[in-house]
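# Breakdown of the fold
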Amino acid sequence: MTVLEGKSVYGGIAIGKIEILVKEDRTVKRSTVEDPEAEKERFTLAKEAAKKQLQELYDKALKEVGEANAMIFDVHQMMLDDLDYIESITNMIESQNVNAEFAVATTGDNFSQMFASMEDAYMKERAADVKDISNRVIAILQGREDDALHSQEPVILVAEDLAPSETVQLDKSRVLSFVTRLGSTNSHTAILARTMNIPALIGIAFTEEINGKMAVVDGFAGKLIIEPEEDVLKEYQARKEEEEKKKKLLLELKGKENVTLDGKRIQLYANIGGVSDVANVLTNDAGGIGLFRSEFLYLESDTYPTEEEQFKAYKTVAETMAGKKVIIRTLDIGADKQADYFELGQEENPAMGYRAIRICLERPEIFKTQLRAIYRASHYGTIGIMFPMIISVSEVKRIKEIVQEVKESLDEQGIPYGEVELGVMIETPAAVMISDLLASEVDFFSIGTNDLTQYTLAIDRQNAKLEAFYDSHHEALMRMIKMVVDNGHREGCWVGICGELGADTELTETFLRMGVDELSVTPSMVLKVRDAIRRVDLSKA
């Protein structure tokens, strides 16, 4: 028995034989051509054929993993039409009289190296994309078929790396798990693996000797166990059966209402950190998005994201959710979420420092850019906005003034926008105590229990030494939540919970009895919380 350790991309257990995906030799030889114009035409035809394949992949991915994850194939089509990319290839063919395959391979290598050398994590990921599109064009030029699995039985697929297109093209009924030596937890392939609920590992240093051997993928612990001993195999078989039973029971809840035994309904939404998470929201049957952490756009960039960049992200999510509510939290930079270009400086206590709405009100141009992008996107779906770290009514009044300025600016430019609900996050004791006053200013409250617990108990939630003192079920916290719900309802505000406690099924009945209107949880917890809701009978004391 050999155990190889790596990093988990998606949890789960897979048991089966290993098949190493051996890719055929793709060496491209340089040759001289006599008719560069004819060679350029070969490239153009191959490029168009590649775009057609990518459109077919987009359609396939759309059905299997949702629009957000299928978008990579739209991106690949756009990359094939990039003028710099095309000009590099055609100029090489024309000036050096080389074959199209060599020009595409050289350009692909050059562009890939350029992306790989960039510091920005998102741009680094594009290095794999440009190699992927170049290999596709080369395969068409050479008349090659795509690599495929040889085994007819389901296998644990092991490879150096997998391009997004390779992942989508695989026959999923024949893949038990993905295991790769390369790749990252943020790559498109990793996202697709999570979306397709296939256990996946990266960073596994394998050798060819493992090909064909029986193995176990432990997607929870990040291990590939080759030729497991009998007792180990039995243990994992039992764990796998238990996991499958749980999944089947939860899948039966898809399409069912979030309603208690005595008929009380509650909205069950999902929290996301970016566009790529939307497929998980749809797969897990959430009723909407209760927390869109917009700061991912800022954290993944080396400079302030433009209005257009933000608009495209918000619009994509709104359109994909097809009219279901999407609540976008405005920029929540600061504390443990730092972006160097904000130049926030060092603080002795950043959790209570210059962060979130405080930055937005101090730097209104950044705030207005984000609000313009959100309002523009609201024309394409149902959007709400919530503002974090509120401690006073005066802050809310100032926010509403800025919102009005943004709307007037859009009106002057003739840019359409929809009706947008405005809400505040209740995550400070101050906001709790004046929630009766805040409720008359906004449409809804969303209780951020992570920070509210931290501030209420005076405990840094990132300090491991204080874990014994950290009590997320503290009576003071429960009383605060009840106070917010009551004050909100008196003024016509609906009240939700978007912090980690929303997914704590030990508290589901408590929240329902308090009158909480909405729970927003990580997508993977939606069905578990729905199950908990449907087991509650509020008619019983």
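The structure we're discussing is the one just above.
Structural notes, computed from the coordinates. Note that this is a predicted model, so its numbers are computed, not measured. (Residues numbered from 1 in each chain as written. Predicted model: local features only at pLDDT ≥ 70, side-chain atom pairs only at ≥ 80, totals over all residues. Heavy atoms only, no water.)

Per the stated rule, a full pass over the model turns up 6 aromatic pairs. Judged by centre distance (5.8 Å) and plane angle (85 degrees), the ring pair of Y85 and F111 falls under edge-to-face. Residue Y85 is located in helix α3 (residues 83–96), and its partner F111 is located in helix α4 (residues 100–116); the two are separated by 26 residues in the primary sequence. For the pair formed by Y85 and F111, the shared burial category is buried. Just above the ring of F206 sits the side chain of R181; from NZ or CZ to the centre is 4.4 Å. Above the face of the F311 ring, R376 is positioned so that its terminal group lies 4.0 Å from the ring centre. (Phe/Tyr/Trp six-rings, centres within 6.5 Å; stacked < 30°, edge-to-face > 60°. Helix = DSSP H or I, 4+ residues; strand = E, 2+ residues; numbered from the N terminus. Buried < 20%, exposed > 50% of the residue type's maximum accessible area, 1.4 Å probe, protein only. Lys NZ or Arg CZ within 6 Å of the ring centre and 35° of its normal.)

Before going further, it helps to examine the pairing of strand β8 (residues 223–226). Regular strands place their side chains on alternate faces of the sheet. Bridge analysis of strand β1 (residues 2–5) against β8 gives 4 bridges, and the strand direction is antiparallel. Along β8, the bridge assignment pairs E5 with K223. The pairing of strand β7 (residues 214–218) with β8 spans 4 bridges and is antiparallel. Bridge pairing links V216 to I225 in β8. Between β7 and the antiparallel strand that follows it, β8, lie 4 residues; G222 among them carries a positive phi value of about 75 degrees. (Pairing = 2+ DSSP bridges.)

The next thing to look at is helix α11 (residues 307–320). In an α-helix, one turn spans 3.6 residues; hence positions three or four apart end up facing the same way. The end-to-end C-alpha distance of α11 is 20 Å, a good match for the 20 Å that 14 residues give at a rise of 1.5 Å each. A positive backbone phi angle near 50 degrees is found at A322, which sits one or two residues after α11. (Expected span 1.5 Å × (residues − 1).)

On to helix α20 (residues 526–534), then. All buried positions along α20 are accounted for by V526, L527, V529, R530, A532 and I533. Taken together, the buried residues of α20 touch α8 (230–251), β9 (267–272), α19 (508–514) and β16 (518–521). (Contact = heavy atoms within 4.5 Å.)

Turning to the pairing of strand β4 (residues 155–159), a few remarks are in order. Of all 5 residues in β4, 5 are buried, a share of seventy percent or more. Note: strand β3 (residues 13–20) against β4, 4 bridges, orientation parallel. Paired with I20 across the bridge in β4 is V158. Strand direction decides the pairing type here: β4 and strand β5 (residues 175–180), joined by 5 bridges, are parallel. Paired with V158 across the bridge in β5 is V179.

Moving on, we get to the pattern of salt bridges. As enumerated under the stated definition, the model contains 31 salt bridges in all. Ionic pairing is found between E101 and R42, a salt bridge with its closest N-O pair at 3.0 Å. Linking E101 in helix α4 with R42 in helix α1 (residues 36–65), this pair joins segments that are 59 residues apart in sequence. Owing to a relative accessible area of 11%, E101 belongs among the buried residues under this scheme. Residue R42 is classed as partly exposed on the basis of its relative accessible area, which comes to 30%. Between E509 and R513 there is a salt bridge; the shortest N-O distance is 2.9 Å. (Salt bridge = Lys/Arg side-chain N within 4 Å of Asp/Glu carboxyl O.)

The next subject is the nonpolar core. Judged by nonpolar contacts, the single largest core of 84 residues is most densely connected at F387 and F511. Setting aside chain neighbours within four positions, we find F387 in contact with T330, I357, F367, L371, I399, V403, L422, G423, V424 and M425. The next biggest cluster of nonpolar side chains, apart from the first, holds 32 residues, and it includes L57, F73, I93 and L141. (Core = buried A, V, L, I, M, F, W, Y, C linked by side-chain atoms within 4.5 Å.)

To continue, consider the sheet that holds strand β6 (residues 200–202). In spatial order, the strands read β1-β8-β7-β3-β4-β5-β6-β2; together these 8 strands make up an open sheet with mixed pairing. Edge strands, defined here as strands with exactly one partner in the open sheet, are β1 and β2 (7–10). Strand after strand, the sheet turns through a mean of 30 degrees between neighbouring axes, direction not considered. (Axes fitted to C-alpha atoms, helices over the stretch in contact; angles between N-to-C directions.)

Moving on: the environment of I391. Structurally, I391 is set in the loop between β12 (382–387) and α14 (393–412). Note: C-alpha distance between I391 and I426 (35 residues apart in sequence) is 8.6 Å. What I391 contacts, discounting residues up to four positions off in sequence, is R358, T428, A430 and I434.

To continue, consider the packing of α3 against α4. Where α3 contacts α4, the axes come no closer than 9 Å and their chain directions differ by 135 degrees. Between α3 and α4, the angle falls in the class oblique. As α3 runs across α4, the sense of the crossing is right-handed. Two secondary-structure elements touch here, α3 through D84, Y85, S88, I89, M92 and I93 and α4 through A100, A103, V104, T106, T107 and F111. Partitioning the contact of α3 with α4 into residue classes produces 8 nonpolar, 3 polar and 1 charged. (Parallel < 35°, antiparallel > 145°, perpendicular 65-115°, else oblique. Left-handed = near helix turned anticlockwise from the far one by under 90°. Nonpolar A, V, L, I, M, F, W, Y, C, P; charged D, E, K, R; others polar.)

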